[in-house]
Amino acid sequence: MFPPERILMGPGPSDVHPAVLRAQSQPLLGHLDPDFTPVLEQIASGLRTVFRTGNPVTFAVSATGMAGMEAALVNLVEPGDDVVVGVNGVFGGRMAEVARRAGATVHTVEADWGRIIDPAAFIDAVERHRPRVAGLVHAETSTGVHQPVAEIGTAVADTDTLLVLDTVTSLAGVDVRVDDWDVDVAYSGTQKCLSVPPGLAPITFSERAVQRVRERTTPVQSWYLDLTLLLGYLDGRGGRTYHHTAPISSLYGLATGLDLVLEEGLEARLARHATLGALLHEGLEALGLELLAEPGHRLPQLTTVALPDDVDEAALRARLLTEHGIEVGAGLGTFAGRAWRIGLMGHACSERNVRLLLAALERLLDQAPAPTATT
Ligand SMILES: Cc1ncc(COP(=O)(O)O)c(C=O)c1O
């Protein structure tokens, strides 16, 4: 197996530091081996730092970000519950669908693609529907929008509603403040700004979220993601009991990826993303391209940009990959066929990569076919 080398500047996965890849090739320990316990503890502690939480129940679900979404919702939602979800892109839409499948009556608060969910409208929906759960996407990967959360968190904290936040693309790329924002469950993925291969979903539950799960009157729809069962393995008290076989090598990788974040310093890492995201945005606008997320709410680590109408975006993206070894993502949903999603995440977030991409794009746009004359 000799995959070609790429620069991963799409919506994820992002490039992985060699130390993470080395860690994943270390000899296996059994997942109940006492020497494996420190690895799990190191992960929990590292995740508390990046989520900025003191929540004891903080761990990595053994599957990708979607399993984090499912774990949050299937544990908190019981059939017949009202749930409010903000939908301004693909991932808010998925959250609504996952809640529906868990038996909820879902009320969506919508916004156009490229715009934030209006906090006042979201808070108003929570006041009207008094839902058991309210869900939001912090970094909408389909649009590049950075959702403000603090005001919503404060308003929801005084109610019986639990706030769920999707931080798959935001964690370790922009500030995530679980405790300050009164978020009850936040979940993420490893393959974005943490720069660890896909396969794990970091997650954290507040005390009141854990209490809600314990007080359920119906069983959690998913046996695999049932928090009360998972705690038998995760919560060392009384000894760890087998629930499923932990993905040892992936967890070695996450422990190392979190070490790298701490070594750099979370603040420094967020500042790196902010500075280089701004450089990318300026460079794209200097090429005459339009950014699709609303000004003031653009993510540094995920940029949606419209390609000129006369350019075949798929062909240009293919050339960027084959001639320059750079991967970017296609637009999704409303943006499909006319936009790109450019990632600047974790290890791939470097000035070198920004300049390589801008230079390659300038070259390819110069060579793109001229507009056909209209008659
Ligand atoms: C905001 C958001 N939520 C959820 C997911 C799902 O994560 P995964 O593809 O790792 O299952 C993604 C993936 O891109 C995402 O960007």
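Reading the values: the criteria
Residues numbered from 1 in each chain as written. Predicted model: local features only at pLDDT ≥ 70, side-chain atom pairs only at ≥ 80, totals over all residues. Helix = DSSP H or I, 4+ residues; strand = E, 2+ residues; numbered from the N terminus. Rg over C-alpha atoms; globule rule 2.2 N^0.38 Å. Buried ≥ 20, exposed ≤ 12 C-beta atoms within 10 Å, placed from the backbone. Contact = placed C-beta atoms within 7 Å. Expected span 1.5 Å × (residues − 1). Near = placed C-beta within 6 Å. Nonpolar A, V, L, I, M, F, W, Y, C, P; charged D, E, K, R; others polar. Pairing = 2+ DSSP bridges. Core = buried A, V, L, I, M, F, W, Y, C linked by C-beta atoms within 7 Å. Domains from an automatic or database assignment. Axes fitted to C-alpha atoms, helices over the stretch in contact; angles between N-to-C directions. Parallel < 35°, antiparallel > 145°, perpendicular 65-115°, else oblique. Left-handed = near helix turned anticlockwise from the far one by under 90°.

A. Expanded view of the overall build of the protein chain. Along the protein chain, the regular secondary structure elements total 12 helices and 15 strands. Its C-alpha atoms give the protein chain a radius of gyration of 21 Å, near enough to 21 Å, the size a compact globule of 375 residues would have. Here the C-alpha coordinates of the protein chain stretch approximately 70 × 55 × 35 Å along the principal axes. For the protein chain, with 375 residues in total, the buried portion stands at 49%. Here the analysis covers contacts within the protein chain between residues at least 6 apart in sequence; of these, 71% occur between residues at least 24 apart.

B. Structural context of helix 9 (residues 248–264). With 17 residues, helix 9 should reach 24 Å at 1.5 Å per residue; the first-to-last C-alpha distance of 25 Å fits that figure. Inspection of helix 9 places Ser250, Leu251, Tyr252, Gly253, Leu254, Ala255, Thr256, Gly257, Leu258 and Val261 among the buried residues, and these make up the whole buried set. In the core, the buried residues of helix 9 are packed alongside helix 1 (18–24), helix 2 (37–51), strand 2 (57–61) and helix 10 (266–286). Downstream of helix 9 by one or two residues, Gly265 has phi in the positive range, about 95°.

C. Molecular detail of the site of the ligand. Thr64, Gly65, Met66, Thr141 and Val168 are the nearest of the 14 residues found near the ligand. Grouping the amino acids of the shell around the ligand by side-chain chemistry returns 7 nonpolar, 6 polar and 1 charged.

D. Seen up close, the pairing of strand 8 (residues 162–166). Extensive coverage of strand 8 is indicated by the burial of 5 of its 5 residues. Across the two faces of strand 8 the burial is the same, with Leu162, Val164 and Asp166 and Leu163 and Leu165 all buried. Examined bridge by bridge, strand 5 (residues 133–137) and strand 8 share 5 bridges and lie parallel to one another. Pairing of Leu136 across the sheet is with Leu165, part of strand 8. The pairing of strand 8 with strand 9 (residues 185–187) spans 3 bridges and is classified as parallel. Within strand 9, the residue paired with Asp166 across the bridge is Tyr187.

E. Local environment of the nonpolar core. Grouped together as the largest cluster of nonpolar side chains are 108 residues, with contacts concentrated most on Leu73, Ala99 and Val185. Each of domain 1 (18–262) and domain 2 (266–367) contributes no fewer than three residues to this core. Leaving out residues up to four positions away in the same chain, Leu73 has contacts with Val98, Ala99, Ala102 and Val164.

F. Main features of the pairing of strand 12 (residues 302–306). Across the 5 residues of strand 12, 4 count as buried, placing the element largely inside the fold. Here strand 11 (residues 290–291) runs beside strand 12; their pairing, made up of 2 bridges, is antiparallel. Within strand 12, the position partnered with Leu291 by the bridge is Val305.

G. The domain arrangement of the protein chain, seen in detail. As assigned here, the protein chain comprises domain 1 (18–262) and domain 2 (266–367). Using only C-alpha atoms to locate each centre, domain 1 and domain 2 end up separated by 27 Å. Facing the 24 residues of domain 1 at the interface are 23 residues of domain 2. Counting residues per element, the ones that place at least two in the side of domain 1 that touches domain 2 are helix 2 and strand 7 (145–146). Classifying every residue of the side of domain 1 that touches domain 2 by side-chain character gives 11 nonpolar, 10 polar and 3 charged.

H. Region of the structure containing the sheet that holds strand 15 (residues 339–343). If you walk across this open sheet you meet the 4 strands as 11-12-15-14, and the pairing is antiparallel. Only two strands of the sheet have a single neighbouring strand rather than two, namely strand 11 and strand 14 (329–330).

I. The environment of Tyr187, seen in detail. Residue position: Tyr187 is located in strand 9. On the basis of neighbour counts, which here come to 27 C-beta atoms within 10 Å, the residue Tyr187 falls in the buried class. Along the chain, Tyr187 and Thr143 lie 44 residues apart, while their C-alpha atoms are 19 Å from each other. Here Tyr187 is in contact with Gly65, Gly68, Met69, Ala71, Ala72, Asp166, Thr167, Ala201, Pro202 and Ile203, once residues within four sequence places are set aside.

J. Main features of the packing of helix 3 (residues 65–76) against helix 4 (residues 90–101). With their axes 9 Å apart at the nearest point, helix 3 and helix 4 run at an angle of 45° to one another. With respect to each other, helix 3 and helix 4 are oriented oblique. The crossing of helix 3 and helix 4 is right-handed. Side by side, helix 3 and helix 4 meet where Met69, Glu70 and Leu73 of the first sit next to Arg94, Met95, Val98 and Ala99 of the second. Among the residues making up the contact of helix 3 with helix 4, the classes are represented as 5 nonpolar, no polar and 2 charged.

K. Here's a closer look at the sheet that holds strand 2. With respect to topology, 7 strands assemble into an open sheet ordered 2-10-9-8-5-3-4, the strand pairing being mixed. The open sheet is flanked by strand 2 and strand 4 (105–110), the only strands paired with a single partner. Neighbouring strand axes in the sheet, compared pairwise and without regard to direction, differ in orientation by 15° on average. Helix 7 (residues 207–214) rests against strand 2, strand 8, strand 9 and strand 10 (201–205) of the sheet, and its axis sits at about 110° to strand 8.

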